[in-house]
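Here is how the chains run, residue by residue.
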Amino acid sequence: MEDDKTIFSMIIDGEIPCHKVYEDDLVIAFLDINPFSTGHTLVVPKEASRTLDKLSDESSGALGRVLPRISRAILSATGAEEFNIIQNNGPNAFQSVFHVHFHIIPKLKDGRGLTFPFRSSPINHEEAEKLAESIRELLD
Ligand code: DGP
């Protein structure tokens, strides 16, 4: 039986809004609603695969091609020089949305970013739209 549609499939289908920073035929990227730091972005294949090991080679290749490029634009937009990429598979491995995604998390000079234990705070939508636009413009 098919899984229920995830929140990310709804974003991909345009049913709920997001602060989009990138889209092509196979991949979408948008700001995380609960960021660890400004610029925290989710890079998501359009293919509705639950975990990375189930993802097709075509979607995997498409993700690999854009991750460095999107990371560069996020670094330029936020002024960060360091960042983490994390990718969770399964509820015991901290996955909460069951549609494959990569987190790009800038490590800001003020220390915000990925910390242990994990700490995030809700997004500011007004600032987020300006930031998403700036990342879109900085994509080379
Ligand atoms: P994970 O724990 O790896 O499954 O991360 C899921 C991330 O998805 C989490 O950081 C919050 C984010 N998220 C959940 N719902 C939404 C949403 O509706 N919009 C956006 N932009 N992000 C979401």
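Reading the values: rules and limits
Residues numbered from 1 in each chain as written. Predicted model: local features only at pLDDT ≥ 70, side-chain atom pairs only at ≥ 80, totals over all residues. Heavy atoms only, no water. Near = heavy atom within 4 Å. Polar contact = N/O pair within 3.5 Å; in protein donor to acceptor, adjacent residues only side chain to side chain. Areas by Shrake-Rupley, 256 points an atom, 1.4 Å probe, with all protein chains shown as cover. Helix = DSSP H or I, 4+ residues; strand = E, 2+ residues; numbered from the N terminus. Nonpolar A, V, L, I, M, F, W, Y, C, P; charged D, E, K, R; others polar. Expected span 1.5 Å × (residues − 1). Bend = angle between axes of the 7 residues up to and from the residue. Buried < 20%, exposed > 50% of the residue type's maximum accessible area, 1.4 Å probe, protein only. Patch = residues over 30% accessible without salt bridge, like charges linked within 9 Å, V, L, I, M, F, W, Y side chains within 5 Å. Salt bridge = Lys/Arg side-chain N within 4 Å of Asp/Glu carboxyl O.

Draft legend 1. Fine view of the site of the ligand. In the region of the ligand, 15 residues are neighbours, and Asp32, Phe94, Ser96, His101 and His103 sit closest. Between the ligand and Asp32, the relevant distance is 2.5 Å, taken from an oxygen atom to a side-chain nitrogen or oxygen of the residue. Take His101: an N or O atom from its side chain is 2.8 Å from an oxygen atom of the ligand. Across the complex, the protein chains shield 83% of the 510 Å² of accessible surface that the ligand would expose by itself. Breaking the shell around the ligand down by element, the ones donating at least two residues are α1 (7-12) and β2 (27-31). For the shell around the ligand, the element with the highest residue contribution is α1, accounting for 3 residues. A breakdown of the residues in the shell around the ligand according to their chemical character gives 9 nonpolar, 5 polar and 1 charged.

Draft legend 2. Helix α2 (residues 57-78), seen in detail. Taking 1.5 Å per residue, 22 residues should reach 32 Å; α2 reaches 31 Å between its end C-alpha atoms and fits that length. Along its length, α2 shows its largest kink, about 30°, at Val66, and proline Pro68 lies within four residues downstream of that point. Among the residues of α2, those classed as buried are Ser59, Ala62, Leu63, Val66, Leu67, Ile70, Ser71, Ala73, Ile74 and Leu75. Remark: Gly79 follows α2 within two positions and exhibits a positive phi of approximately 80°.

Draft legend 3. Up close: unusual backbone geometry. For Phe94, which is not glycine, the phi dihedral falls at a positive 75°. Structurally, Phe94 can be placed in the loop between β4 (82-86) and β5 (102-107). On the basis of relative accessibility, which here comes to 59%, the residue Phe94 falls in the exposed class.

Draft legend 4. Structural view of a nonpolar patch on the surface. On the surface, Phe94, Phe116 and Phe118 cluster together into a nonpolar patch covering about 390 Å² of accessible area. Topologically, Phe118 is positioned in the loop between β5 and α3 (125-138). Taking the relative accessible area as the measure of exposure, Phe118 reaches 36% and is therefore partly exposed.

Draft legend 5. Just the pattern of salt bridges, in detail. Here the structure, examined in full by the defined rule, presents 7 salt bridges. Residue Glu15 pairs with Lys5 through a salt bridge whose shortest N-O separation is 2.7 Å. One end of the pair, Glu15, is in the loop between α1 and β1 (20-23); the other, Lys5, is in the segment before α1, and 10 residues separate them in sequence. Looking at Lys5, the relative accessible area reads 40%, which means it is partly exposed.

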